[in-house]
Amino acid sequence: MNFIFFISQRLSKRNYDRYGIEYFKKNRINYKVLDLSNIFDRRIKHISSKYEKKVNLKNLYKFDSYLKLLLFLIKQNKFYYVNVCSYNSLFLAIIERLIILKGNVKIYFSTAL
């Protein structure tokens, strides 16, 4: 089973814990974290968090364009994904529709009761 996380913030200790990455690592579950922050805010392109350097995740991928993201996702085997981006984007919504049509599954989280 493969899991992909779409994030729009740099990976910090808080987000590392929040997304349960340690659980995935301990249980040898195949996962990838896709950092889309450079797409949404190009000013932070050269900034990486101290935590990213500390944990040195091999499964952390950074993207600076929607095209690169789409090409990466098309090459992946079937996967479940979670979009925890704090930005709304028409292009990201289109990419999500395309990967769902390819047979991938989105996992929805809600805090609404």
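Every chain's residues receive numbers from 1 upward, in the order its sequence appears when written. In keeping with the predicted nature of the model, local features appear solely for residues at pLDDT of at least 70, side-chain atom pairs appear and are counted solely at 80 or more, and the whole-chain, interface and lining totals rest on all residues. Neither water nor hydrogens contribute to the side-chain values; these are computed over all heavy atoms in the structure.

Draft legend 1. Focus on the nonpolar core. Only buried residues count toward a nonpolar core. Its members are Ala, Val, Leu, Ile, Met, Phe, Trp, Tyr and Cys residues joined through side-chain atoms within 4.5 Å. We call a residue buried when its accessible area falls under 20% of the maximum for its residue type, exposed when it is over 50%, and partly exposed in between, using a 1.4 Å probe and counting protein chains only. In this structure, Ile4, Phe6, Leu34, Leu36, Phe63, Leu69 and Leu73 are the most contacted members of the largest nonpolar core, which totals 16 residues. The secondary structure listing takes helices from DSSP runs of H or I that are at least 4 residues long and strands from runs of E that are at least 2 residues long, numbered from the N terminus. Elements that contribute at least two residues to this core include exactly strand E1 (2-7), helix H5 (66-74) and helix H6 (90-101). For this core, the leading source of residues is H5, giving 4 residues. Those residues in contact with Leu36 that lie beyond four places of it in its chain are Phe6, Ile7, Phe63, Leu69, Cys85 and Leu92. Every residue pair with non-hydrogen atoms within 4.5 Å of one another is taken to be in contact.

Draft legend 2. Representation of the side chain of Asn104 in the model. Here Asn104 lies in the loop between H6 and strand E5 (105-106). Any pair of nitrogen or oxygen atoms within 3.5 Å is treated as a polar contact; in protein, a donor-acceptor pairing is required on top of that, and neighbouring residues in sequence qualify only through side-chain atoms on both sides. Of the polar contacts made by the side chain of Asn104, one reaches the backbone oxygen of Ile99; its length is 2.9 Å. Apart from the residues lying within four places of it in its own chain, the contact partners of Asn104 are Asn77, Lys78, Phe79 and Ile99.

Draft legend 3. Layout of the side chain of Asp64. Here Asp64 lies in the loop between strand E3 (60-62) and H5. Side-chain polar atoms of Asp64 contact the side chain of Lys68, separated by 3.1 Å.

Draft legend 4. View of the sheet that holds E3. Here, a strand pair is defined by DSSP locating no fewer than two bridges between the strands. Here we have 5 strands laid out as an open sheet, ordered E3-E2-E1-E4-E5, and parallel in their pairing. Edge positions in the sheet fall to E3 and E5, since each of these pairs with one other strand and no more. As defined by bridge partners, strand E2 (residues 30-35) adjoins E3 across 3 bridges and the pair is classed as parallel. The partner of Val33 across the bridge, within E3, is Leu60. Those strands touched by H5 are E1, E2 and E3, and its axis lies near 170° from that of E2. Axis lines are fitted through C-alpha atoms, for helices just across the contact stretch, and the angle between N-to-C directions can take any value from 0 to 180 degrees. Here H6 sits on the sheet in contact with E1, strand E4 (80-83) and E5, set at roughly 165° to E4.

Remember that the coordinates give geometry; whether it matters functionally is a separate question.
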